[in-house]
Amino acid sequence: MSAEPEFAQMAADFAAGKTEAILMHIDTAKLLTREEWELLERSGASVVMVQKTLPEDAD
């Protein structure tokens, strides 16, 4: 299976310096295919995933 053309273009734009960052929701990142992860890696993108949980109510 190949990556969607829009995703491939996004990775190419990042590699070419046309885009400074690629941001996506954590739930979207969890759905990326192996090929999409490899495209990000080849483009030079560093992948950082942050999952923020609400603090427990201390009251």
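So, a few notes on the structure that sits alongside this text. (Residues numbered from 1 in each chain as written. Predicted model: local features only at pLDDT ≥ 70, side-chain atom pairs only at ≥ 80, totals over all residues. Heavy atoms only, no water.)

**Overview of the overall build of the protein**
Rules: A run of H or I in DSSP becomes a helix once it reaches four residues, and a run of E becomes a strand once it reaches two; helices and strands are each numbered from the N terminus. Relative accessibility decides the category of a residue: with a 1.4 Å probe and only protein chains considered, values under 20% of the type maximum give buried, values over 50% give exposed, and everything between is partly exposed. Whether two residues are in contact is decided by their heavy atoms, any of which lying within 4.5 Å being enough. For every accessible area listed, the method is Shrake-Rupley and the probe measures 1.4 Å; residues are considered covered only by the protein chains on display.
What the protein contains, in helices and strands, is three helices and zero strands. Helices (α) and strands (β) of the protein occur, in sequence order from the N terminus, as α-α-α. Taken over 59 residues, the protein has a buried fraction of 22%. In the protein, 53% of the contacts between residues at least 6 apart in sequence involve partners at least 24 apart. Put simply, the protein shows about 5,100 Å² of open surface, and 52% of that area lies on carbon and sulfur atoms.

**Re the packing of helix 1 (residues 5-15) against helix 3 (residues 34-43)**
Our working rule: Convention adopted: a line fitted to C-alpha atoms gives each axis, helices being fitted over their contacting stretch, and angles between N-to-C directions are expressed from 0 to 180 degrees. Roughly parallel means an angle under 35 degrees; roughly antiparallel means over 145; roughly perpendicular covers 65 to 115; every other angle is labelled oblique. Two helices that cross are described as forming a left-handed crossing if the nearer one is turned anticlockwise from the farther one by less than a right angle, and a right-handed crossing if clockwise.
At their nearest, the axes of helix 1 and helix 3 sit 8 Å apart, and the two run at 15 degrees to each other. When the axes of helix 1 and helix 3 are compared, the pair comes out roughly parallel. Crossing handedness for the pair helix 1 and helix 3: right-handed. Of helix 3, the residues touching helix 1 (which contributes Phe7, Ala8, Ala11, Phe14 and Ala15) are Glu36, Leu39, Leu40 and Ser43.

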